[in-house]
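# Breakdown of the fold
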Amino acid sequence: MELYIDTADLSEIKHAMTLSILDGVTTNPSILSKQGVPYKQRLAEINELVDGKVWYQVVSENSAAMVEEALEVVAILKQPVIKLPMGPESLKASKVLSSQGIQTNITLVYSVAQAMLAAKAGASYVSPYVGRINDIGWPGLQLINDIVRIFSIQGLQTNVIGASLRSNQDIVSVAEQGASAATMPFKVFMQMFNHPMTDSGLVQFLEDWKVYQHQN
Ligand code: E4P
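In this report, we go over the structure that sits alongside the text.

## Here we look at the layout of surface pockets
- Size it by volume and the largest pocket reaches roughly 310 Å³.
- Taken together, 22 residues form the lining of the largest pocket, with Asp 6, Asn 28, Ile 31, Ser 164 and Pro 185 sitting closest to its centre.

## With respect to the sheet that holds strand 5 (residues 103-109)
- Taking strand neighbours around the barrel as the criterion, the 8 strands line up as 1-2-3-4-5-6-7-8 in a closed arrangement whose pairing is parallel. Here the average twist between neighbouring strands, direction ignored, is 25°.
- Bridge count for strand 5 against strand 6 (residues 125-128) is 3 bridges, and the pairing is parallel. Counterpart to Asn 105 in the pairing with strand 6 is Tyr 125.

## A few points about the pattern of salt bridges
- As enumerated under the stated definition, the model contains 5 salt bridges in all.
- One salt bridge in this structure joins Arg 166 and Asp 135, with 3.2 Å as the shortest N-O distance. Separated by 31 residues along the polypeptide, Arg 166 in the loop between strand 7 (159-162) and helix 9 (168-176) and Asp 135 in helix 7 (residues 130-135) bring together distant segments of the chain.
- Here Arg 166 falls in the partly exposed class, since its relative accessible area comes to 44%.
- Since its relative accessible area comes to 54%, Asp 135 is described here as exposed.

## Some thoughts on the packing of helix 4 (residues 63-74) against helix 5 (residues 88-99)
- Where helix 4 contacts helix 5, the axes come no closer than 8 Å and their chain directions differ by 45°. Our classification of the angle between helix 4 and helix 5 gives oblique. Helix 5 is crossed by helix 4, and the crossing has right-handed handedness. Seen from helix 4, the contacting residues are Ser 63, Met 66, Val 67, Ala 70 and Leu 71; seen from helix 5, they are Glu 89, Ser 90, Lys 92, Ala 93, Val 96 and Leu 97.
- The residue makeup of the contact of helix 4 with helix 5, split by class, is 7 nonpolar, 2 polar and 2 charged.

## Description of the nonpolar core
- Ranked by internal contacts, the top residues of the largest apolar core, which has 52 residues, are Ile 5, Ile 82, Leu 84, Ile 106, Val 126 and Ile 147.
- Those residues in contact with Ile 82 that lie beyond four places of it in its chain are Tyr 56, Val 58, Ala 70, Val 73, Val 74, Leu 97, Ile 102, Gln 103, Thr 104 and Asn 105.
- Of all hydrophobic cores here, the second largest spans 6 residues; its members include Trp 55, Val 81, Tyr 125 and Ala 181.

Cut-offs used in this document
Residues numbered from 1 in each chain as written. Predicted model: local features only at pLDDT ≥ 70, side-chain atom pairs only at ≥ 80, totals over all residues. Heavy atoms only, no water. 1 Å grid on protein atoms, 1.4 Å probe; cavity = no way out; pocket = protein on both sides within 12 Å on 5 of 7 lines; lining within 4 Å. Points joined across faces, edges and corners; volume = space filled by probe spheres on them. Pairing = 2+ DSSP bridges. Helix = DSSP H or I, 4+ residues; strand = E, 2+ residues; numbered from the N terminus. Axes fitted to C-alpha atoms, helices over the stretch in contact; angles between N-to-C directions. Salt bridge = Lys/Arg side-chain N within 4 Å of Asp/Glu carboxyl O. Buried < 20%, exposed > 50% of the residue type's maximum accessible area, 1.4 Å probe, protein only. Parallel < 35°, antiparallel > 145°, perpendicular 65-115°, else oblique. Left-handed = near helix turned anticlockwise from the far one by under 90°. Contact = heavy atoms within 4.5 Å. Nonpolar A, V, L, I, M, F, W, Y, C, P; charged D, E, K, R; others polar. Core = buried A, V, L, I, M, F, W, Y, C linked by side-chain atoms within 4.5 Å.

Now the structure itself:
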């Protein structure tokens, strides 16, 4: 399963990349706009730190402008994934970019029908927003399950990436429903390493070892 952190914070990215587990970094307009630096500068900085894919979401509103914006970013990144918000213009742009061998992601996906259209448009990934669906009282994980199942029945190759994940249990749950990727906040990624019983178990092992060394 591919794992990504959803951030444009360089200190978080530096820290996470030293752990050599992640497949890259995802961003969105909200995340990049909070950084206080020009977005292309920040993307170039992220690109230097990341051994893997860097995802950028276009903000243009028609397909020709989306393609143009995407190509400018593709020129900056070693392994770009272009995110396009679900809609007809994005699907047209996805088709053009995919035909040029550029990986695309249709984001803001909230239904199986949307995911099926994204796959038809050649998207490499679709992003169902699990947390935001749960927030409005609908079953986010069920959407992952439905998309994965229908893609499998129809032989569609598009990857399902669980997005808007809020806890390490969310990562396990989307894995269980068959998602092939997940993106999460840095804090959630770090939580994945932890368990209180691991900590207390390690303290005990080291204490026993000290006693043994003292006796021998
Ligand atoms: C990732 O591609 C999405 O932009 C992200 O997971 C959204 O997460 P949020 O719902 O916590 O903002």
